[in-house]
Amino acid sequence: GVIYALRRLSAAGAPSATRSFEPTVATLLERNRARTRTWDEDVPSLLFGDVGILLLQWQLAPSGAIADAIFGAVERNLRNPTLEQLWGSPGTLPAAIHMFERTGERRWSDLLTRGVTILWEQMEHVPEAGAWLWTQDLYGRTVRYLGGGHGFAGNVFPALRGAHMLPADLVAGYVQRTEQTLRATVLRDAGLANWPDR
């Protein structure tokens, strides 16, 4: 993440270090996998998984093999039960958006459509909240979050950010449910608005 941020800053014209990160990036995937090898399952997640590292590697040296690895990791994560951004598909789906915008390959828009459709089907109307939410399954407990890292805001992001790649009716449904949820959960005080984490 830091290497990616430094590259973005440099591309935007910010003063940058003269150090080359290519040798480090080349080793990141195996180093990360060695660290996570003892986990119970393969989790491609944004937080600890392969997807962010693979995207960085592809940006430095685009190849079909790396693109295929990104596709496979995002696809494996489509039904992650956490239903949130740091572990689940809402965190890995933006990789499909990035790759579509760089390559124009239809497989990426198809992958995003599949993922966003799965999320749509898993969204639940919660009458007592008057909102559409997901139930996060995290670390042995279930909870409903609204925020970006573990909740609603992070989950709708791929659908709204990737709207240009998705069927119009699916996007319209997300927009409607997002507006309804934001209205139902807003906290207002002295002309200001904010939202609770859950």
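Residues numbered from 1 in each chain as written. Predicted model: local features only at pLDDT ≥ 70, side-chain atom pairs only at ≥ 80, totals over all residues. Heavy atoms only, no water.

**Here's the deal with the overall build of the protein**
Item 1. Looking only at helices and strands, one finds eight helices and six strands in the protein.
Item 2. The order of helices and strands in the protein, counted from the N terminus, is α-α-α-α-α-α-β-β-β-β-α-α-β-β.
Item 3. Taking 198 residues into account, the globule formula puts the C-alpha radius of gyration at 16 Å, and the protein, at 18 Å, falls close to it.
Item 4. Projected onto its principal axes, the C-alpha coordinates of the protein cover approximately 55 × 40 × 35 Å.
Item 5. Each of the 198 residues in the protein was classed as buried or not, and the buried ones make up 42%.
Item 6. Residue pairs in contact within the protein that sit at least 24 positions apart in sequence constitute 57% of those at least 6 positions apart.
Item 7. Of the charged side chains in the protein, 20 are positive and 20 negative; the average position of the first set lies 5 Å away from that of the second. (Helix = DSSP H or I, 4+ residues; strand = E, 2+ residues; numbered from the N terminus. Rg over C-alpha atoms; globule rule 2.2 N^0.38 Å. Buried < 20%, exposed > 50% of the residue type's maximum accessible area, 1.4 Å probe, protein only. Contact = heavy atoms within 4.5 Å. Lys, Arg positive; Asp, Glu negative; His and termini not counted. Charge placed at Lys NZ, Arg CZ, Asp CG, Glu CD.)

**Things to note about the side chain of Thr185**
Item 1. Looking at where Thr185 falls in the secondary structure, it is placed in helix α8 (residues 168-185).
Item 2. Owing to a relative accessible area of 13%, Thr185 belongs among the buried residues under this scheme.
Item 3. Not counting chain neighbours up to four residues away, the residues in contact with Thr185 comprise Ala131, Leu146, Asn194, Trp195 and Pro196.

**Regarding the environment of Gly91**
Item 1. When you line up the elements, Gly91 lands in helix α5 (residues 89-103).
Item 2. Residues Gly91 and Leu46, spaced 45 residues apart in sequence, show a C-alpha to C-alpha distance of 5.3 Å.
Item 3. Not counting chain neighbours up to four residues away, the residues in contact with Gly91 comprise Leu46, Glu84 and Gln85.

**Considering the layout of surface pockets**
Item 1. One number sums up the size of the largest pocket: a volume of about 730 Å³.
Item 2. Contributing to the lining of the largest pocket are 30 residues, with Tyr4, Leu46, Gly52, Ile53 and Leu55 lying nearest its centre.
Item 3. Counting only elements with at least two residues in the lining of the largest pocket, the list comes to α1 (2-11), α2 (22-36), α3 (51-60), α5 and α7 (152-161).
Item 4. For the lining of the largest pocket, a count of residues per class yields 16 nonpolar, nine polar and five charged. (1 Å grid on protein atoms, 1.4 Å probe; cavity = no way out; pocket = protein on both sides within 12 Å on 5 of 7 lines; lining within 4 Å. Points joined across faces, edges and corners; volume = space filled by probe spheres on them. Nonpolar A, V, L, I, M, F, W, Y, C, P; charged D, E, K, R; others polar.)

**Side note on the confidence of the model for the protein**
Item 1. This prediction gives the protein a mean pLDDT of 92; 98% of its residues lie at or above 70.
Item 2. Averaged over each element, pLDDT in the protein is lowest for α1 (83) and highest for helix α6 (residues 106-122) (98). (pLDDT = per-residue confidence, 0-100.)

**Points about the packing of aromatic side chains**
Item 1. Counted under the stated rule, the structure contains four aromatic pairs.
Item 2. Pairing Phe48 with Trp87 gives two aromatic rings, centres 5.5 Å apart and planes at 45°, and the pair type is tilted. Placement of the pair is Phe48 in the loop between α2 and α3 and Trp87 in the loop between α4 (64-76) and α5, with a sequence separation of 39 residues.
Item 3. Taking the relative accessible area as the measure of exposure, Phe48 reaches 29% and is therefore partly exposed.
Item 4. A relative accessible area of 12% places Trp87 in the buried class.
Item 5. Judged by centre distance (5.4 Å) and plane angle (70°), the ring pair of Phe71 and Trp108 falls under edge-to-face. With a gap of 37 residues between them, Phe71 in helix α4 and Trp108 in helix α6 connect regions that are remote in the sequence. (Phe/Tyr/Trp six-rings, centres within 6.5 Å; stacked < 30°, edge-to-face > 60°.)

**Section: the nonpolar core**
Item 1. Among the nonpolar cores identified, the biggest contains 40 residues, and Ile70, Trp108, Leu112, Val116, Trp134 and Tyr174 are the most heavily contacted of them.
Item 2. Going through the elements one at a time, α3, α4, α5, α6, β2 (131-133), α7 and α8 are the ones with two or more residues in this core.
Item 3. Those residues within four positions of Ile70 in sequence are excluded, and the remaining contacts are Leu54, Leu55, Trp58, Ala95, Met99 and Trp108.
Item 4. Membership of the second largest hydrophobic core comes to five residues, among which are Val43, Leu138, Val143 and Tyr145. (Core = buried A, V, L, I, M, F, W, Y, C linked by side-chain atoms within 4.5 Å.)

**Examining the packing of α2 against α3**
Item 1. For the pair α2 and α3, interaxial distance at closest approach is 10 Å and the crossing angle is 150°. Judged by the inter-axis angle, α2 sits roughly antiparallel to α3. Classified by chirality, the crossing of α3 by α2 is left-handed. Facing α2, whose interface residues are Glu22, Val25, Ala26, Leu28, Leu29 and Asn32, α3 presents Ile53, Leu54, Leu56, Gln57 and Leu60. (Axes fitted to C-alpha atoms, helices over the stretch in contact; angles between N-to-C directions. Parallel < 35°, antiparallel > 145°, perpendicular 65-115°, else oblique. Left-handed = near helix turned anticlockwise from the far one by under 90°.)

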